[in-house]
Every structure is written in C-alpha cells, then in structure tokens.
Amino acid sequence: ALIILPSRNCCYNVIESLIKFSNLKQQENRKKFDSQFYEESFATEFKPSDFQYLFSGNNHDLFYIGVKFTRKSIKFYSSFNQSDIILASPLGLKGFLESNLKKKEQEEFLSSIEILVIDQANTIQFQNWSNISYLLPFINKKLSTQPKDLDFSRVRMWAINDSYKKLRQNLVFCKFLTP
C-alpha cells in the first residue's frame with residue numbers, strides 16, 4: 001500500500017494507529033522514527049481544530065518511509081521493495097524519484113501498489129497538486145526488466161496477467177469536491 005500524507009505529524013499519527021491496531025510490541029528503529037517524525041509543539045489555540053491538527057507537531061512536508069510487518073514485529077525504514085506500507089508526502093516521493101530516476105530499480109516499488117491512499121487531499125491541493133500528478137504515472141507502471149530481488153511468493157496472478165492497473169484501489173479523502 002502507498003499512503004500519501006501532507007505532513008510528518010499526519011504520518012506519525014497513522015503509524016501510531018497501525019501499531020495500536022496490530023498490537024505489535026517489538027518495533028525496530030523506533031527511536032530513529034520518533035526523533036525524525038515526532039515533535040511536541042502546538043499550534044495556536046485560537047485557530048480552528050483542523051488547523052491545530054495539521055500544524056501541531058512536526059509539519060514538514062518532505063518525507064518518505066517504508067514499514068514492514070512480520071509476525072512479531074514492525075520494522076521502520078525498510079527498503080521500499082521489501083515494505084508492506086509506504087508512507088510519503090508527495091514532495092518527498094517526487095524528490096526520491098527524481099534523485100533516483102537513472103536507477104530503474106528505484107521505481108520498481110511503485111509497480112506493485114495494490115492500494116493507493118491519498119489522505120487530506122484538500123491540504124495536499126493547497127501545498128502543490130502537481131506533485132501528485134507527477135507521481136501517478138509511476139504507479140503500477142509495467143516493468144521492462146525483472147527485478148533482481150523479486151520474491152515470487154508475493155507476485156499475484158493478476159499482476160502476471162497485466163491487470164494490476166484495473167485492480168488497484170484508490171482511496172482519496174477530501175473535505176470538499178474538487179476536480
């Protein structure tokens with residue numbers, strides 16, 4: 001799954017919910033994650049609640065992180081090809097792709113996205129929607145070569161039959177209708 005979020009604070013909240021839901025106690029690289037994503041700061045109390053939610057904590061919009069689940073643990077900062085969930089900002093993922101565009105294996109992780117979640121699309125639209133427009137052609141793009149570290153046990157039959165674009169689930173959450 002690929003989850004696109006507007007800020008690190010939102011990413012931190014999603015990760016906290018995943019940990020609570022999964023009930024996994026063992027967490028690899030948790031201290032590094034907390035130091036980069038958690039910040040105890042508060043937005044002005046005179047602002048509306050949605051403003052306080054968006055701008056409290058670490059509200060930087062340049063990040064990407066891979067998360068891998070095992071039976072007993074959750075691993076932060078796993079490589080994207082090995083990750084079960086990728087959480088990123090549009091700007092962070094765009095920057096990652098642009099810096100690694102010459103290395104074709106860097107975009108392999110986007111070829112097998114089964115669920116795409118764009119959370120708080122209205123906030124991302126205020127930031128810069130062109131970053132989302134840049135990312136979408138890379139998602140579920142057919143690979144020209146076989147990946148080096150491909151785990152065939154994770155390949156689905158519908159992916160082999162070239163139906164992955166038709167079966168990806170897109171979930172876009174927004175507070176208002178927008179083209």
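Anything mentioned here points back to the structure above.
Reference entry: report on the structure contained in this document. (Residues numbered from 1 in each chain as written. Predicted model: local features only at pLDDT ≥ 70, side-chain atom pairs only at ≥ 80, totals over all residues. Heavy atoms only, no water.)

1. Thoughts on the sheet that holds strand β5 (residues 85-88)
Each strand in a sheet pairs with another by means of backbone hydrogen bonds, the pair being arranged parallel or else antiparallel. If you trace the seven strands from one edge of the open sheet to the other, you get β2-β4-β3-β5-β1-β6-β7, paired in mixed fashion. Single-partner strands in this sheet number two, and they are β2 (26-28) and β7 (169-172). Direction aside, neighbouring strands of the sheet carry axes that sit 15 degrees apart on average. Pairing geometry for strand β3 (residues 64-69) and β5, over four bridges, is antiparallel. When the bridges of β5 are listed, I65 appears paired with L87. (Pairing = 2+ DSSP bridges. Helix = DSSP H or I, 4+ residues; strand = E, 2+ residues; numbered from the N terminus. Axes fitted to C-alpha atoms, helices over the stretch in contact; angles between N-to-C directions.)

2. A few points about helix α1 (residues 8-22)
Counted at 1.5 Å a residue, the expected span for α1 with its 15 residues is 21 Å, and the 21 Å between its end C-alpha atoms agrees. Positioned one or two residues after α1, N23 has a phi angle of 60 degrees, which is positive. (Expected span 1.5 Å × (residues − 1).)

3. So, unusual backbone geometry
Here the phi dihedral of Y77 falls at roughly 65 degrees; this positive angle occurs in a residue that is not glycine. Looking at the element boundaries, Y77 is found in the loop between β4 (73-76) and β5. Take Y77: its relative accessible area is 23%, and that puts it in the partly exposed class. The phi angle at Q120 is positive, at roughly 55 degrees, despite the residue not being glycine. Along the chain, Q120 falls in the loop between β6 (115-118) and α5 (121-128). On the accessibility criterion, Q120 (14% relative accessible area) is buried. (Buried < 20%, exposed > 50% of the residue type's maximum accessible area, 1.4 Å probe, protein only.)

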